[in-house]
Amino acid sequence: MSKTIIGLLQHRQTVNIPKILVAIAAVASTVAIVVTSGIAFANGNLQGYAADTPLDNGTIVQMTGKNSNRVKIATQSELQNMFGVTVDRNQLSMTLTNEGLQNETFVAVSGTYNVLVSTQGGVIAAGDYVTLSSVNGVAMKASTDQKTVFGRATAGFDGKGVTLGSTTLKDTAGNTNKTVTLGSIPVTIDIRSNPNEKSTKAQVPEVLERIGQAIAEKEVSPIRIYLSMGITAVSLIAAIAVLYAGIRSSVISIGRNPMSRKSIFRALLEVILTSILILIIGLFAVYLLLKL
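Residues numbered from 1 in each chain as written. Predicted model: local features only at pLDDT ≥ 70, side-chain atom pairs only at ≥ 80, totals over all residues. Heavy atoms only, no water.

Quick notes on the overall build of the protein chain
Of the regular secondary structure elements, the protein chain holds five helices and eleven strands. By residue count, 29% of the 292 residues in the protein chain fall in the buried class. Across the protein chain, the fraction of contacts at a sequence separation of at least 24, relative to all contacts at a separation of at least 6, is 61%. Element-wise, carbon and sulfur atoms account for 59% of the exposed surface of the protein chain, whose accessible area totals about 18400 Å². (Helix = DSSP H or I, 4+ residues; strand = E, 2+ residues; numbered from the N terminus. Buried < 20%, exposed > 50% of the residue type's maximum accessible area, 1.4 Å probe, protein only. Contact = heavy atoms within 4.5 Å. Areas by Shrake-Rupley, 256 points an atom, 1.4 Å probe, with all protein chains shown as cover.)

Side note on the pattern of salt bridges
Where charged atoms of side chains with opposite charge meet at close range, the side chains can pair. As enumerated under the stated definition, the model contains three salt bridges in all. Of the charged contacts in the structure, one is a salt bridge between Asp 52 and Arg 70, with a shortest N-O distance of 2.8 Å. Here Asp 52 is found in the loop between β1 (46-51) and β2 (60-64), whereas its partner Arg 70 is found in strand β3 (residues 67-73), with 18 residues between them in sequence. Overall, the relative accessible area of 18% leaves Arg 70 in the buried class. (Salt bridge = Lys/Arg side-chain N within 4 Å of Asp/Glu carboxyl O.)

Brief notes about helix α4 (residues 222-256)
Taking 1.5 Å per residue as the helical rise, α4 with its 35 residues ought to reach 51 Å, and the 51 Å between its terminal C-alpha atoms agrees with that figure. Of all the positions in α4, only Pro 222, Ile 225, Ser 228, Ser 235, Ala 239, Gly 246 and Ser 250 are classed as buried. Looking at the buried side of α4, the elements it contacts are α3 (206-216) and α5 (261-291). (Expected span 1.5 Å × (residues − 1).)

Let's talk about the confidence of the model for the protein chain
Detailed reading of the predicted coordinates is not advisable wherever pLDDT is low. For the protein chain, per-residue confidence averages 79 on the pLDDT scale, and 77% of positions sit at 70 or higher. The low-confidence segment residues 1-44, where pLDDT is below 50, has 14 contacts with residues more than four positions distant or belonging to other chains. (pLDDT = per-residue confidence, 0-100.)

Examining the packing of aromatic side chains
In this structure the tally under the stated criterion is one aromatic pair. Geometrically, the ring pair formed by Tyr 49 and Phe 83 is edge-to-face, given 5.7 Å between the ring centres and 85° between the ring planes. In this pair, Tyr 49 is assigned in strand β1 and Phe 83 in strand β4 (residues 82-87), connecting sequence segments 34 residues apart. The buried category is assigned to Tyr 49, whose relative accessible area is 5%. (Phe/Tyr/Trp six-rings, centres within 6.5 Å; stacked < 30°, edge-to-face > 60°.)

Overview of the environment of Asp 158
Topologically, Asp 158 is positioned in the loop between β9 (148-153) and β10 (165-170). A C-alpha to C-alpha distance of 8.8 Å links Asp 158 and Ser 118, two positions 40 residues apart in sequence. With residues up to four places along the chain from it excluded, the contact list for Asp 158 reads Thr 119 and Val 123. In terms of polar contacts, Asp 158 uses its side chain to reach the backbone amide nitrogen of Lys 160, at 3.0 Å. (Polar contact = N/O pair within 3.5 Å; in protein donor to acceptor, adjacent residues only side chain to side chain.)

Brief notes about the environment of Met 229
As for its placement among the helices and strands, Met 229 is situated in helix α4. Taking relative accessible area as the criterion, Met 229 reaches 37% and is therefore assigned partly exposed. Remark: the alpha-carbon pair of Met 229 and Leu 283, spanning 54 residues in sequence, is separated by 10.0 Å.

Considering the side chain of Thr 86
Of note, Thr 86 is situated in strand β4. The class of Thr 86 is buried, set by a relative accessible area of 1%. Apart from residues no more than four positions distant in its own chain, Thr 86 is found in contact with Leu 55, Asp 56, Asn 57, Gly 58, Thr 59, Val 61, Thr 105, Phe 106 and Val 107.

Comments concerning the environment of Leu 269
Along the polypeptide, Leu 269 turns up in helix α5. Sequence separation between Leu 269 and Ile 247 is 22 residues; the distance between their C-alpha atoms is 9.5 Å.

With respect to unusual backbone geometry
In this structure, Asn 103 is a non-glycine residue whose phi angle is positive, near 50°. Note that Asn 103 resides in the loop between β4 and β5 (105-108). Asn 103 gets classed as partly exposed once you look at its relative accessible area, which sits at 30%.

Regarding a nonpolar patch on the surface
A surface patch of nonpolar side chains, amounting to about 660 Å² of accessible area, comprises Val 207, Ile 211, Ile 215, Phe 284, Tyr 287, Leu 288 and Leu 292. Elements represented by at least two residues in the nonpolar patch include exactly α3 and α5. Relative to the helices and strands, Val 207 is located in helix α3. (Patch = residues over 30% accessible without salt bridge, like charges linked within 9 Å, V, L, I, M, F, W, Y side chains within 5 Å.)

Here it is, written out as structure tokens:
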């Protein structure tokens, strides 16, 4: 055993220590790059995308059709398609570029980043929800009218102090409508339904809503539910009225002429069938109204 240890100690002089240290450093560097890349890029929170034209930092973007590698400036008409915001690559600790991407731009879909904003929706305070404004790619304070928000502001913007300029908004007729100021503030990205959206849904009893959804196998608008109730009520009242009139007339006829009992019963049967037919037609109309 002692000879073996002495032999190893004598042999270590031939080992190149600096080369081992360089190798260890290279491995450590590679591991660090892989770990950093995995944190920044593998989870999809920050990734490079192609664009038709160079995009300003802080611009809200959306995917271009079904192409998962290309983005474009988001528009208010496609509010629900907001995807993320462009980020300045110079502010990132590291970037993995792809030379094959046209006008490569880095897009963040979560986290807190600077976003272009305007005063179109009023003064933005920290904690306010923001959404797309009439200026493509630029956010504004969300009101109760927008269905989707882009995120929540972590700083305020009142159009004073440091700004990026101003622009004029025009109505559909091309007339000047409003002049707004542009700026940039940090926003925590959280694309979701507007929590403050004003509900315009009519109140429908839960039982009726569930019955309508069970028949239609989908969500049914309140107006369809109420129309269905009206048609059902009219059909039921009409069927009962016809049936009542037929029975009353038959009873009176039998009292006056007992010998014509068979013909009276035949007429009564026709009245009953007519009442059932009225009810079936009404229910079928309700079914079509809810289903289509």
